[in-house]
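Residue-level structure breakdown
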Amino acid sequence: MTDTRSVPDETSVELEIGGMTCASCAMRIEKKLNRIAGVTASVNYATEKATVIAPAGLDTAVLIAEVEKTGYTAAVPAPPAPTAEDATPEQADDGLAALRQRLIVSIVLTVPVIAMAMIPALQFTYWQWLSLALAGPVIVWAAWPFHRAAWTNLRHGAATMDTLISMGTLAALLWSLYALFFGTAGMPGMTHPFELTVAPSDGAGNIYLEVGAGVTTFILAGRYFEKRSKRQAGAALRALLELGAKEVAVLRGGVETRIPTAELAVGDEFVVRPGEKIATDGVVVAGTSAIDASLLTGESVPVEVREGDAVTGATVNAGGRLVVRATRVGSDTQLAQMARLVEQAQTGKAEVQRLADRVSGIFVPIVIVVALGTLGVWLGLGFPAAAAFTAAVAVLIIACPCALGLATPTALLVGTGRGAQLGILIRGPEILESTRRVDTVVLDKTGTVTTGRMTLTAVHPAEGVERAELLRLAGALEDASEHPIAQAVATAATRELGALPAPEDFTNIEGRGVQGVVDGHAVIVGRASLLADWSQHLPSALAEAKAEAERQGKTAIAVGWDGAARGVLVVADTVKATSAQAVAQLVGLGLTPVLLTGDNRAVAEQIAAEVGIDEVIAEVLPADKVAVVRRLQDEGRVVAMVGDGVNDAAALAQADLGLAMGTGTDAAIEASDITLVRGDLRSAADAIRLSRRTLGTIKGNLFWAFAYNVAAIPLAALGLLNPMLAGAAMAFSSVFVVGNSLRLRSFRSTAVDAQ
């Protein structure tokens, strides 16, 4: 796995790029920035951003100046964007209104021009001059953004898609003006039929105003729907950024004061009432409640929290009043980290996109050469100038590589955005390639396949002892202990019986158990040897239950009171309810699951059998997990690793694909390629399915974009495509690519659906 994070003597800079109109623009800016010593830049046409890895001492102004010399604008992004309700119409609109206005005017003026050109019955005397009056503003004013961009690029010695559009539409207008004023096209009673293909004719008797106006309108429509779709594609990230609370009731001197969340500092204590969002990441210092994290993680079941439990900003308090101490604020919160990961993924490039960029970068000059060659060949073969000109214009218009530039970024925008909604954070587009090749998935046991928490799994009372009595006395005594095993017993007893009595004379015997007085009974809970010291020996039935539990790798606790052993409690780290289903889904994706744990083999094999895993690697020290992953790779396997602990971080980094449970540690998340915000292993299968589908969408988009150009350019050069239809087809290809990408919004999570 390649680590793309910057080294200490480098810094990552993000720039907002203005004035880009196609993939060729992005390619030109990228080339210019990469010529600066020590700079590695990636420019994304869909997000209109440049991600630059530059030497630490390099002034950002140098980067901005380089972009401006290329003919575009660049700026460091402003602070976090205002939310939808605070945004001004200009900010929310993002230039869409101006584009819509040009499109509406174009449609109104172009429809009669096309109608007159296509329907001879509408060609009244001097209709051609009305066509000029209507088409002129469309080709000059409505297409002005194309002409301006073409001129800017020409001054910098470059050609882009706008060059093709501008050349094609202006050529149609200028030829029509020549035919009207100097040829026979302006004569009263002039008519000509509309044809789908190029037909030999007298050049001076034909006008192409419907071509210029029609192409402009179709391409403006394509740009408008493309821009609107791009906004929809980025909606998931904007929604993520808007999840947070706007205000918070902070406690200052015991008095509640409402302040903007941005002013909250680490260590501040704030109040969260039922129904309110938690303002930032923190720890509960008072109160109990249930937290609804569905907006952030997709997890529909609320999580119970009490004093000492960590809570995440942007989740909703569904129960009682809480007082929370802020532990992370601003850009350090989990919400901000999620948004950052999503944005990084959306602004990067997959390997397949780099190929498309290289093609589109040289595509426009080649098309211009092909168009000029078409013109020359037609004239050389003795065809009329009008037919030669029409074929050349059709080549210019049909070849715009817009769909190539949109193929990858739109799929990434939608795919990573949908992932964020489902609690799946993909670090970068290159990760998509890894998910296709993975054939083995290594699952860390504790916290990944199992809950990572001790749970009471069995209660064995001695003959004549009530289960409830056994649980009540043992639970009351264990409740006074902080040990995880003791807390598992106390939690189960409280859940089943309610409030427990308070113990007296409580004593903790280090490493062996606890003793004390509960309701007048002298109670001992711990190892069997501790009870034996007090001559409380386990009867054969309890001894056998204890031995069976230990054979399964579980922990057995002996309980005695009033001079006799009264029962055995069995505690274990239990398998998550969804783990077996998750393993089955991973197998269904063609992956071989491997269980990796530091526990003894008996425990590991018991859990592996429970979830359906055949291959077990047990008794592995934390430091040796990397070696296990490396050994599997040396066997020729492409390995994915799923883990959640600090001791998993190195193995996650070594794996070809690292997936970290979001319920785990920051170190594991930082080392991973994909973060699963929910602690549900089914999310790992969802992540791989979503990544593969996104990659498949990218490849499908690129195939159709390439196939479209490969098929359409020869047709245009042979005179089999009318330029206006070529413009419509070119616009449709871009809209098709964006629409195909938007289908990823329908991706469903099996983890969420099953709840």
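On a predicted model such as this, the values are computed, not experimentally measured, just so you know.

Our focus in this paragraph is the overall build of the protein. Helix and strand content of the protein: 28 helices and 26 strands. Across the protein, every contact between residues at least 6 apart in sequence was considered, and the portion connecting residues at least 24 apart equals 70%. Counting only carbon and sulfur atoms, one obtains 59% of the accessible surface of the protein, whose full area is about 31500 Å².

Right, let's talk about the sheet that holds strand β8 (residues 281-286) for a bit. One open sheet holds the six strands; their spatial order is β6-β5-β7-β13-β8-β11, and the pairing between them is antiparallel. Unpaired on one side and paired on the other, β6 (255-260) and β11 (310-311) mark the two borders of the sheet. One ladder, built from four bridges, connects strand β7 (residues 269-272) with strand β13 (residues 322-328); its direction is antiparallel. Opposite V272, over in β13, you have L322 as the bridge partner.

A separate point is the side chain of T261. Looking at the secondary structure, you find T261 in the loop between β6 and β7. For T261, a relative accessible area of 18% puts it in the buried group. At a separation of 3.4 Å, a polar atom in the side chain of T261 contacts the main-chain amide nitrogen of E247. Among all residues touching T261, those that are not within four sequence positions of it are A245, K246, E247, V248 and A279.

This next bit is on the packing of aromatic side chains. All chains considered together, the criterion is met by five aromatic pairs. Measuring from ring centre to ring centre gives 5.3 Å for W129 and F181, while their planes differ by 75°; the resulting arrangement is edge-to-face. One end of the pair, W129, is in helix α5 (residues 127-142); the other, F181, is in helix α7 (residues 161-181), and 52 residues separate them in sequence. For W129, a relative accessible area of 28% corresponds to the partly exposed category. These aromatic residues form a ring-pair network of at least three members: F703, W704 and F736. Taking NZ or CZ as reference, R102 lies 4.9 Å from the ring centre of W141, over its face.

The relative placement of two packed helices comes down to the angle between their axes together with the axis-to-axis distance. Running from N to C, helix α17 (residues 467-478) and helix α18 (residues 484-497) cross one another at 130°; their axes reach a closest spacing of 8 Å. The orientation of α17 relative to α18 falls into the category oblique. The handedness of the crossing between α17 and α18 is left-handed. Across the interface between the two elements, R467, A468, L471, R472, A474, G475 and E478 from α17 touch A486, Q487, V489, A490, A493, E496 and L497 from α18. Classifying every residue of the contact of α17 with α18 gives eight nonpolar, two polar and four charged.

On to a nonpolar patch on the surface. A cluster of nonpolar side chains, F703, W704, F732 and F736, forms an exposed patch at the surface whose accessible area comes to about 470 Å². Within the fold, F732 resides in helix α27 (residues 723-742). A residue is classified by how much of its surface remains accessible, and F732, at 54% relative accessible area, is exposed.

Moving on: the sheet that holds strand β12 (residues 316-317). In space, the three strands of this open sheet follow the order β10-β9-β12, with antiparallel pairing throughout. Each of the sheet's edge strands pairs with one partner strand only, and the pair in question is β10 (303-305) and β12. Across two bridges, the pairing between strand β9 (residues 289-292) and β12 is antiparallel. Counted as the bridge partner of I291 is N317 from β12.

Per the UniProt entry, the sites bearing "transmembrane region" (unreviewed entry) are residues 103-120, 126-144, 164-187, 207-225, 359-381, 387-414, 701-718 and 724-742 in this numbering. For residues 103-120, helix accounts for 89% and strand for 0%, while the C-alpha atoms at its two ends are 26 Å apart. Secondary structure within residues 164-187 divides into 75% helix and 0% strand; the distance between the first and last C-alpha atoms comes to 31 Å.

The phi torsion at Y126 lies on the positive side, around 65°, for a residue other than glycine. Tracing the backbone through its elements, the reader meets Y126 in the loop between α4 (96-118) and α5. For Y126, a relative accessible area of 43% translates into the label partly exposed.

One pass over the full model with this rule turns up 20 salt bridges. Among the salt bridges present, the one from E14 reaches K49, with a minimum N-O distance of 3.8 Å. Taken together, the residues span a long stretch of sequence, with E14 in strand β1 (residues 10-18) and K49 in strand β3 (residues 49-55) at a distance of 35 residues. The buried category is assigned to K49, whose relative accessible area is 14%. A salt bridge links D281 to R328; its shortest N-O distance comes to 3.5 Å. In this pair, D281 is assigned in strand β8 and R328 in strand β13, connecting sequence segments 47 residues apart. Residue classification places D281 among the buried residues on the basis of a relative accessible area of 4%. Connected through salt bridges with shared partners, the residues E615, R631, E635 and R637 form a single ionic network.

A few words on the environment of L63. Its place among the elements puts L63 in helix α2 (residues 60-69). Of the residues examined, L63 reaches a relative accessible area of 1% and is grouped as buried. On a C-alpha basis, the gap between L63 and I36 in space is 8.4 Å, while along the polypeptide they are 27 residues apart. Other than its neighbours up to four places away in sequence, L63 contacts V13, L15, L33, I36, V39, V52 and L58.

Glancing now at helix α20 (residues 540-551). Taking 1.5 Å per residue, 12 residues should reach 16 Å; α20 reaches 16 Å between its end C-alpha atoms and fits that length. Every buried residue belonging to α20 is among L542, A545 and A549, and all of these are buried. One face of α20 carries all of its buried residues, which in axial projection span an arc of 60°. For α20, the exposed residues set more than 90 degrees away from the buried face come down to S540, E544 and R551. Buried-residue contacts for α20 involve β16 (450-461), β20 (555-561) and β21 (564-575). Phi turns positive, to about 80°, at G553, one or two residues after α20.

Before going further, it helps to spend a moment on the pairing of β6. Note: strand β5 (residues 247-252) against β6, six bridges, orientation antiparallel. Across the sheet, the residue bridging to A249 is R258, located in β6.

To continue, consider the packing of α4 against α5. At a minimum axis distance of 9 Å, the contact between α4 and α5 shows a crossing angle of 155°. Classified by the angle their axes make, α4 and α5 are roughly antiparallel. Along this stretch, α4 crosses α5, giving a crossing that reads as left-handed. Contact residues: Q101, R102, V105, S106, L109, T110, P112, V113, M116 and A117 in α4; W127, L130, S131, L134, A135, P137, V138, W141 and A142 in α5. Of the residues belonging to the contact of α4 with α5, the class tally is 14 nonpolar, four polar and one charged.

Grouped together as the largest cluster of nonpolar side chains are 49 residues, with contacts concentrated most on L443, V642, L657, L659, I674, L676 and L681. Examining the composition of this core, we find that eight residues originate from one element, helix α26 (residues 682-717), more than from any other. Sequence-distant contacts of I674, defined by excluding residues within four places in its chain, comprise I424, L425, I426, I431, T435, L657, G658, L659, A660, A687 and S691. F146, L180, L220 and A386 belong to the second largest nonpolar core, which has 37 residues in total.

What counts and how
- Residues numbered from 1 in each chain as written.
- Predicted model: local features only at pLDDT ≥ 70, side-chain atom pairs only at ≥ 80, totals over all residues.
- Heavy atoms only, no water.
- Helix = DSSP H or I, 4+ residues; strand = E, 2+ residues; numbered from the N terminus.
- Contact = heavy atoms within 4.5 Å.
- Areas by Shrake-Rupley, 256 points an atom, 1.4 Å probe, with all protein chains shown as cover.
- Pairing = 2+ DSSP bridges.
- Buried < 20%, exposed > 50% of the residue type's maximum accessible area, 1.4 Å probe, protein only.
- Polar contact = N/O pair within 3.5 Å; in protein donor to acceptor, adjacent residues only side chain to side chain.
- Phe/Tyr/Trp six-rings, centres within 6.5 Å; stacked < 30°, edge-to-face > 60°.
- Lys NZ or Arg CZ within 6 Å of the ring centre and 35° of its normal.
- Axes fitted to C-alpha atoms, helices over the stretch in contact; angles between N-to-C directions.
- Parallel < 35°, antiparallel > 145°, perpendicular 65-115°, else oblique.
- Left-handed = near helix turned anticlockwise from the far one by under 90°.
- Nonpolar A, V, L, I, M, F, W, Y, C, P; charged D, E, K, R; others polar.
- Patch = residues over 30% accessible without salt bridge, like charges linked within 9 Å, V, L, I, M, F, W, Y side chains within 5 Å.
- Salt bridge = Lys/Arg side-chain N within 4 Å of Asp/Glu carboxyl O.
- UniProt positions renumbered as here; feature names shortened; annotations may be inferred.
- Expected span 1.5 Å × (residues − 1).
- Arc of directions from axis to C-beta.
- Core = buried A, V, L, I, M, F, W, Y, C linked by side-chain atoms within 4.5 Å.

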